[in-house]
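# Commentary on secondary and tertiary structure
Residues per chain are reported as follows:
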Amino acid sequence: MASTPKSNRATHYVVWGSALILVALAVYAVRSITRQRVSVRVAQVTYQDLVKSFSTNGKVEPMDDFQVHAQAAGQVQEVYVDVGDKVKPGQLLLKMDDKYALANLAHANSTLRAAELAASDIEHGGTQDERNTYAADLRRTQLQRQQDAVSLAALQKLQQQGAASAGEVAAAQHRVQVDDSTLHSIEQHSTQRYGQADQARAQAELADARAAVAAAQSSYNTADIRSKISGTVYYSPVAQYDYVSIGDDLVYVADLTRMRITAYFDEPDIGNLAAGQPVTITWEAKPGMTWHGHISQAPTTIINYLTRYVGEAFITVDDANGVLEPNSNINATVTTAQHLHALSVPREALRFEGPRPYVFRVINKRLIRTPIKLGIVNLTQVEITGGLAEGDAVALNATTPRDLSNGLEVTPVQ
C-alpha cells in the first residue's frame, strides 16, 4: 500500500524528534562528566623540618653604657679620645675649662651664705644689729619702769599722809602702764616678728641654695671627665675649644660586646613569645651578616608604638662583636617552635568547620573528607599529628573556580 503525504510528514517528525532527544542526552552526558571530573591540585603528605617564627623590627642599645652630658655651659679645653678608641675605667676622656664651673661654684656658695644668714635672722627674730637694738631698748625701758614704779610707790605713801593728790598718783600709775606696754611690745617684736610662713620660705630658699652648691660642686668636679667603664668610644660630637651648653652631648662609651635589643611584636604574636626563645638578627647596613640572640624578657603589656599596638620585648645579643652599633634599627626573627622530621602538608590543604580542622584526601579520584589533628602551623606548612599517614594525597584547590566537597570526583594534577 502506497504511503501518503500525511504519513511521510509524521515519519519526518519522529526522526527529527529522536535526533533532538539524542543530542540533548549527549549534551547532558558531556556536562555531567565535565561537572564530576574537576581538576584538583594535590600534594603528598611528607616528613619535613618545620619552624614557626615571627619577624619584627627593633633598636640596639648597649647593656653597659656611659653617657656624658655637659653639667654646665663652658668650653671644651682638651679631647683625649676619638670614636672607636678602647678605654679603661678611670681613663681621661676630655677636659672642660673649669673657670666657668669655678665661677658658678663661687656664686652658689655666696647665695648659700646669704640664705643661711636669712634663715638664722628669722629664727632669732632679726639681724644681730636689730637684736642689739631690741636688747638696748628693753634694758632702757626696764630701768625706766623701775624708776616709775618707785615714784608711784612714794606718791601712794604721800597720798596716805595727805601730802599728794589723787591726780599725781593717777599720773604716776599711767606712766607705769605705758612702761609695761612698751616692754610687752619690745618682747613681742623680738620673739614673734616672723611667722611660720616666713620660716618655711627661708628653709625652702636654704634647701635650694644647698642643692645649687652641690650641683656646682659636681660640675666643678667633673671638669676632668673620666670613663667609668671599660668599652669603646662610639660617639663624641665635640672638638677642642667648642662651646657647649648645659645638657649637650660630650662623649659616649659602651661595651659593644654586651648588647641588647628592644623589639616590638604585633599584638597577635606576643602570646607565642617566651624567655629563652632563639632570635636571628639582621641589619640592612651590613647585608650578609647575621647575629644571634635570645629573648631575655617577653612582653608584659601592650603599648602604642607609632601606628601599631605592640608588645615590647628585650633580646640579648649572644654574639655581639662590636660591628652591631648602638641605636641601629634591625630586623629580628624569633623562632617560637621547631619540630624536626614532622609529618606535614601544605597549608593550602587545611580547612575548618568551626574549630575542627580537616582535609580532603584523594582516594580513587574521589575527595574524602578526613578530620585531622594539628601541631605547629607556619606560613606554608601544617604539622599533622593525627588523621593522615605519609604518602597520602590531599587536595589543595581546584584549577577552576569550583568549591570542593566530600565525594566529589576529581582529576588530580600536580
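Here the structure is shown first, and the text comes after it.
These figures come from a predicted structure and were not determined experimentally.

What follows concerns the overall build of the protein chain. If you tally the helices and strands in the protein chain, you get five helices and 23 strands. Looking at the 414 residues of the protein chain, the share that counts as buried comes to 34%. Roughly 24800 Å² of accessible area belongs to the protein chain as shown, and the carbon and sulfur atoms make up 52% of that amount.

The strand order 3-10-8-5 describes an open sheet built from four strands, whose pairing is antiparallel. Taken across any chain shown, the strands that pair with only one partner, and hence form the sheet edges, are strand 3 (65-69) and strand 5 (86-87). Here five bridges tie strand 3 to strand 10 (residues 249-254), and the two strands are oriented antiparallel to one another. Bridging from a neighbouring strand, Gln67 pairs with Tyr252 of strand 10.

A few words on the pattern of salt bridges. In this structure the tally under the stated criterion is eight salt bridges. Here Asp266 ties to Arg308 by a salt bridge, and the two come within 3.0 Å at their closest N and O atoms. Taken together, the positions of Asp266 in strand 11 (residues 259-266) and Arg308 in strand 15 (residues 308-317) put the pair 42 residues apart, joining distant regions of the chain. The partly exposed category is assigned to Arg308, whose relative accessible area is 23%. Across the pair Glu409 and Arg366 runs a salt bridge whose closest N-O atoms are separated by 2.7 Å. Here Glu409 is found in the loop between strand 22 (393-398) and strand 23 (410-413), whereas its partner Arg366 is found in strand 19 (residues 366-371), with 43 residues between them in sequence. Assessed through its relative accessible area of 33%, Arg366 is described here as partly exposed.

Right, let's get into the pairing of strand 1 (residues 38-44). Where strand 1 meets strand 23, four bridges bridge the pair, whose relative direction is parallel. Looking at the pairing, Ser39 lines up with Thr411 of strand 23. Pairing of strand 1 with strand 22 involves five bridges; the strand directions are antiparallel. What sits directly across from Val42, in strand 22, is Ala395.

Structurally, Ser227 can be placed in the loop between strand 7 (224-226) and strand 8 (231-235). Setting aside chain neighbours within four positions, we find Ser227 in contact with Phe66, Val87, Lys88, Pro89, Gly90, Gln91, Leu93 and Val253.

Right, let's talk about the sheet that holds strand 9 (residues 243-244) for a bit. What links the strands of a sheet is backbone hydrogen bonding, and the strands pair in either a parallel or an antiparallel sense. One open sheet accounts for four strands, arranged 7-6-4-9; its pairing is antiparallel. Each edge of the open sheet is held by one strand with a lone partner, namely strand 7 and strand 9. Where strand 6 (residues 92-96) meets strand 7, three bridges bridge the pair, whose relative direction is antiparallel. Among the inter-strand pairings, Leu92 is bridged to a residue of strand 7, identified as Arg226.

Here we come to the layout of surface pockets. The space that makes up the largest pocket amounts to roughly 280 Å³. What lines the largest pocket is a set of 23 residues, and nearest its centre among them are Gln71, Ser219, Thr222, Ala223 and Ile225. Of all elements in the fold, only strand 3, helix 2 (98-124), helix 5 (196-221) and strand 7 reach the threshold of two or more residues within the lining of the largest pocket. Counted by class, the lining of the largest pocket contains 11 nonpolar, seven polar and five charged residues.

Moving on to the nonpolar core. Ile261, Val317 and Ile330 are the most contacted members of the largest nonpolar core, which totals 24 residues. Going through the elements one at a time, strand 2 (46-62), strand 10, strand 11, strand 12 (278-282), strand 13 (290-297), strand 15 and strand 16 (329-346) are the ones with two or more residues in this core. Of all the elements, strand 11 adds the most residues to this core, at four residues. For Val317, the residues in contact, after removing those within four places along its chain, are Met259, Arg260, Ile261, Ile281, Trp291, His292, Gly293 and Leu324. Judged by nonpolar contacts, the second largest core, of 17 residues, contains Val68, Ala70, Val76 and Ile225.

Here is what the cut-offs are and how they apply
- Residues numbered from 1 in each chain as written.
- Predicted model: local features only at pLDDT ≥ 70, side-chain atom pairs only at ≥ 80, totals over all residues.
- Heavy atoms only, no water.
- Helix = DSSP H or I, 4+ residues; strand = E, 2+ residues; numbered from the N terminus.
- Buried < 20%, exposed > 50% of the residue type's maximum accessible area, 1.4 Å probe, protein only.
- Areas by Shrake-Rupley, 256 points an atom, 1.4 Å probe, with all protein chains shown as cover.
- Pairing = 2+ DSSP bridges.
- Salt bridge = Lys/Arg side-chain N within 4 Å of Asp/Glu carboxyl O.
- Contact = heavy atoms within 4.5 Å.
- 1 Å grid on protein atoms, 1.4 Å probe; cavity = no way out; pocket = protein on both sides within 12 Å on 5 of 7 lines; lining within 4 Å.
- Points joined across faces, edges and corners; volume = space filled by probe spheres on them.
- Nonpolar A, V, L, I, M, F, W, Y, C, P; charged D, E, K, R; others polar.
- Core = buried A, V, L, I, M, F, W, Y, C linked by side-chain atoms within 4.5 Å.

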